[in-house]
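Spelled out, the chains give:
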Amino acid sequence: MTLPATTLDDPRALAELRARTGGPKDTGPQILEHVLGWTLVVVVAMLVTQLGLL
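Cut-offs and rules
- The numbering scheme is per chain: residues are counted from 1 as the chain's sequence reads.
- Side-chain atom pairs in this predicted model are given and counted only at pLDDT of 80 or more, local residue features only at pLDDT of at least 70, and totals for whole chains, interfaces and linings cover all residues.
- Only hydrogens and water are removed before side-chain values are computed, so all heavy atoms of the structure are retained for them.
- Strands are runs of DSSP state E lasting at least two residues, helices are runs of H or I lasting at least four, and both sets are numbered from the N terminus onward.
- For each residue, the accessible area found with a 1.4 Å probe, counting protein chains only, is set against the maximum for its type, and the residue is called buried under 20%, exposed over 50%, and partly exposed in between.
- Only the protein chains shown count as covering a residue, and every accessible area follows the Shrake-Rupley method with a 1.4 Å probe.
- Take the number of residues in a helix, subtract one, and multiply by 1.5 Å to get its expected span.
- For patches, a residue must show more than 30% relative accessible area and have no salt bridge; joins then use 9 Å for like charges and 5 Å for nonpolar side chains, namely Val, Leu, Ile, Met, Phe, Trp and Tyr.
- Salt bridge, as used here, is a side-chain nitrogen of Lys or Arg placed within 4 Å of a carboxyl oxygen of Asp or Glu.

**So, the overall build of the protein chain**
Point 1. Helix and strand counts for the protein chain come out as three helices and zero strands.
Point 2. What you see in the protein chain, going N to C, is helices and strands ordered as α-α-α.
Point 3. Every one of the 54 residues in the protein chain was classed for burial, and the buried ones make up 4%.
Point 4. For the protein chain, the exposed area adds up to about 5,300 Å²; of that, 66% sits on carbon and sulfur atoms.

This is the structure:
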């Protein structure tokens, strides 16, 4: 693919041409992730306590 010289000189145009890597997006169910994370912490703490590992 050959690009015109004006596109090669413009960093914003180059940024738009780059492919997305599929990384995490900033939008989403953030409160759900927060609640599930703390639920996991509590469950692990209960398991550790019940097994007498602490």
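**Quick word on helix α3 (residues 30-51)**
An α-helical segment advances 3.6 residues per turn. Residues three or four places apart therefore align on the same side.
Point 1. Taking 1.5 Å per residue, 22 residues should reach 32 Å; α3 reaches 32 Å between its end C-alpha atoms and fits that length.
Point 2. One or two residues past the end of α3 sits Gly 52, with phi positive at roughly 70 degrees.

**Let's talk about a nonpolar patch on the surface**
Point 1. Judged by side-chain polarity, Ile 31, Leu 32, Val 35 and Leu 36 come together as a nonpolar surface patch covering roughly 400 Å² of accessible area.
Point 2. Secondary-structure assignment places Leu 36 in helix α3.
Point 3. Using a relative accessible area of 52% as the deciding quantity, one classes Leu 36 as exposed.

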